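# Commentary on secondary and tertiary structure
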Amino acid sequence: MKGKMNKKMVSLILSAMITAACTAGCAEQEMKDDTDVFKQVIVSAPDSSRSDSSQSSETSVTTTVGSWAAELISTPSATTTTAASTATVTSEATTTTPATTTSKTTTKATQTQKTVTKQTDPPKPASGTSPNLAFYKQKLFVIGDSVASGYAAYGRIPVEHSSAKINVSIRTAGGQIDSAKNAKAPLILTSMGMNDWGISSASFAQHYKNFLTRLRAACPGSVILVGAITPTAAVNKYPNVKLSVVKSHNAQLKAIADSMDEKVIYFDAFSAVSSDGEHLDSVYAGADGLHLQPAAYDVLLNSMANLLDSHSMKEKIA
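Residues numbered from 1 in each chain as written. Predicted model: local features only at pLDDT ≥ 70, side-chain atom pairs only at ≥ 80, totals over all residues. Heavy atoms only, no water.

### Things to note about the pattern of salt bridges
Enumeration over the complete set of coordinates arrives at five salt bridges. In this structure, the salt-bridge partner of Asp196 is Arg171, at a minimum N-O distance of 3.3 Å. Here Asp196 is found in the loop between strand E2 (187-191) and helix H8 (201-218), whereas its partner Arg171 is found in the loop between helix H6 (146-153) and helix H7 (176-182), with 25 residues between them in sequence. (Salt bridge = Lys/Arg side-chain N within 4 Å of Asp/Glu carboxyl O. Helix = DSSP H or I, 4+ residues; strand = E, 2+ residues; numbered from the N terminus.)

### Structural notes on the nonpolar core
If you look at the biggest cluster of nonpolar residues, it comprises 66 residues, and the most contacted ones within it are Tyr151, Tyr208, Phe211, Leu212, Leu215 and Leu225. For this core, the leading source of residues is helix H11 (residues 294-310), giving eight residues. (Core = buried A, V, L, I, M, F, W, Y, C linked by side-chain atoms within 4.5 Å. Buried < 20%, exposed > 50% of the residue type's maximum accessible area, 1.4 Å probe, protein only.)

### What to know about the environment of Met304
Note on placement: Met304 falls in helix H11. In sequence terms Met304 and Tyr266 are 38 residues apart; their C-alpha atoms lie 10.0 Å from each other. Not counting chain neighbours up to four residues away, the residues in contact with Met304 comprise Leu140, Tyr151, Leu189, Leu225 and Phe267. (Contact = heavy atoms within 4.5 Å.)

### With respect to the side chain of Lys263
Residue position: Lys263 is located in the loop between helix H9 (243-259) and strand E4 (264-267). Notably, Lys263 is buried but unbridged: the nearest opposite-charge side chain belongs to Glu262, and the N-O separation is 6.5 Å. Excluding residues within four positions of it along the chain, Lys263 makes contact with Arg216, Gly221, Ser222, Val223, Ile224, Met313 and Lys316. (Lys, Arg positive; Asp, Glu negative; His and termini not counted.)

### Details of the packing of aromatic side chains
Summed over all chains, the structure comprises five aromatic pairs. Between Tyr208 and Phe211, the ring centres sit 6.3 Å apart and the planes meet at 80 degrees, which makes this aromatic pair edge-to-face. Linking Tyr208 with Phe211, this pair stays in helix H8, spanning three residues, or about one helical turn. Here Tyr208 and Phe211 have matching classes, each one buried. Aromatic ring contacts, followed pair by pair, group Tyr151, Tyr154 and Tyr297 into a single cluster. Lys314 extends its terminal NZ or CZ atom over the ring of Phe135, reaching a point 5.3 Å from the ring centre. (Phe/Tyr/Trp six-rings, centres within 6.5 Å; stacked < 30°, edge-to-face > 60°. Lys NZ or Arg CZ within 6 Å of the ring centre and 35° of its normal.)

### Quick look at the packing of H8 against H9
Geometrically, a packed helix pair is captured by the angle between its two axes and the distance between the axes. Where H8 meets H9, the axes come as close as 9 Å, and the angle between the chain directions of the two elements is 35 degrees. As H8 packs across H9, the resulting crossing turns out to be right-handed. Taken together, the residues of H9 that come into contact with H8 (itself represented by Ser201, Phe204, Ala205, Tyr208, Lys209 and Leu212) are Ser248, His249, Gln252, Leu253, Ile256 and Ser259. Broken down by class, the residue content of the contact of H8 with H9 amounts to six nonpolar, five polar and one charged. (Axes fitted to C-alpha atoms, helices over the stretch in contact; angles between N-to-C directions. Left-handed = near helix turned anticlockwise from the far one by under 90°. Nonpolar A, V, L, I, M, F, W, Y, C, P; charged D, E, K, R; others polar.)

### Observations concerning empty space enclosed by the protein
All chains considered together, the criterion is met by four cavities of 30 Å³ or more. The volume enclosed by the largest cavity comes to roughly 70 Å³. When grouped by side-chain class, the residues that make up the lining of the largest cavity number ten nonpolar, three polar and no charged. By volume, the second largest cavity amounts to about 50 Å³. Lining the second largest cavity are Asp145, Val147, Ser191, Met192, Gly193, Met194, Gly227, Ala228, Ile229 and Thr230. Tallied by class, the residues present in the lining of the second largest cavity amount to five nonpolar, four polar and one charged. (1 Å grid on protein atoms, 1.4 Å probe; cavity = no way out; pocket = protein on both sides within 12 Å on 5 of 7 lines; lining within 4 Å. Points joined across faces, edges and corners; volume = space filled by probe spheres on them.)

### Side note on the layout of surface pockets
The volume enclosed by the second largest pocket comes to roughly 160 Å³. Lining the second largest pocket are Pro231, Thr232, Asn236, Tyr238, Pro239, Val241, Lys242, Leu243, Val246, Glu278 and His279. Classifying every residue of the lining of the second largest pocket by side-chain character gives six nonpolar, three polar and two charged.

### Comments concerning H11
In this model, H11 (17 residues) spans 25 Å end to end at C-alpha, consistent with the 24 Å of a helix rising 1.5 Å per residue. Buried residues of H11: Ala296, Tyr297, Leu300, Leu301, Asn302, Met304, Ala305, Asn306, Leu307, Leu308 and Ser310, and no others. Two residues or fewer after H11 comes Ser312, characterised by a positive phi angle close to 55 degrees. (Expected span 1.5 Å × (residues − 1).)

### Description of the confidence of the model for the protein
Of the residues in the protein, 60% have a pLDDT of 70 or more, and the chain-wide mean is 73. Across residues 1-5, where pLDDT falls below 50, the model places zero contacts with residues more than four positions away in sequence or in other chains. The low-confidence segment residues 18-120, where pLDDT is below 50, has 23 contacts with residues more than four positions distant or belonging to other chains. (pLDDT = per-residue confidence, 0-100.)

### Re the packing of H6 against H11
Where H6 meets H11, the axes come as close as 10 Å, and the angle between the chain directions of the two elements is 90 degrees. Classed by the angle they form, the pair H6 and H11 counts as roughly perpendicular. From H6, Val147, Gly150 and Tyr151 reach across to H11, where they touch Tyr297, Leu300, Leu301 and Met304. Of the residues contributing to the contact of H6 with H11, the split by class is six nonpolar, one polar and no charged. (Parallel < 35°, antiparallel > 145°, perpendicular 65-115°, else oblique.)

Structure representation (structure tokens):
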């Protein structure tokens, strides 16, 4: 009996020992499996201390870990590409910018040159009817000789807007300055020279310069048109009036007007009524071939208006 119990005890002890051994083995295997999975996660996660090449060699494990690891691993490559692109753009900008700037500077210089040219060489007056013709006629006051007197004599301007008289020369016209001053004329035309053939162009210019200086002092705000001497017809009653003298006197008038302020403008009345650049058009010529027909004053007034328009003078005439 005692022997059977000893065998049974031995059997129970052995069974317990086997069970314990199996339990320990299973636990050890489970711990090993958990450790392996942990190792996989650690290996797959990006390590900033390692180079891009070592990270690239481990991308095969990312399928086990998840997509977040794949995104993190690919980020350094994307950053590198972006940096390279930025460097390329910066290089291109550095290369092209100076050329663009130079081009703009050149354009600006060209524009500046055009502006200067426009100021010193105003546009050529239009040939059509000025839309401001009536306005200028209302503001105009005429100083001069018998040719100038035709503006009022033929009713192109009011009689009170003219002080022009027959037989007046540049040497005897001084009294007309007071007439223009008293009229408070905003626009003045000086038209004389037909009675100044007997003096040189230099003397004529000196007298005219003095006259305009006094007129400007008396009428400081007025726009002054310095009218050229009109031509004579090919057939006329004044053989002593030479074309060369007329042109020489007119050249002096233009030089004087150009030397004064912007409101003193040379008016080329000669060309306005000439048919060939030398003679008075027969359509505008009076019976003596020197004085003008009424139609000539219409042409002169419109040419005058177009000239004022080209200088933007309407706004400067009160």
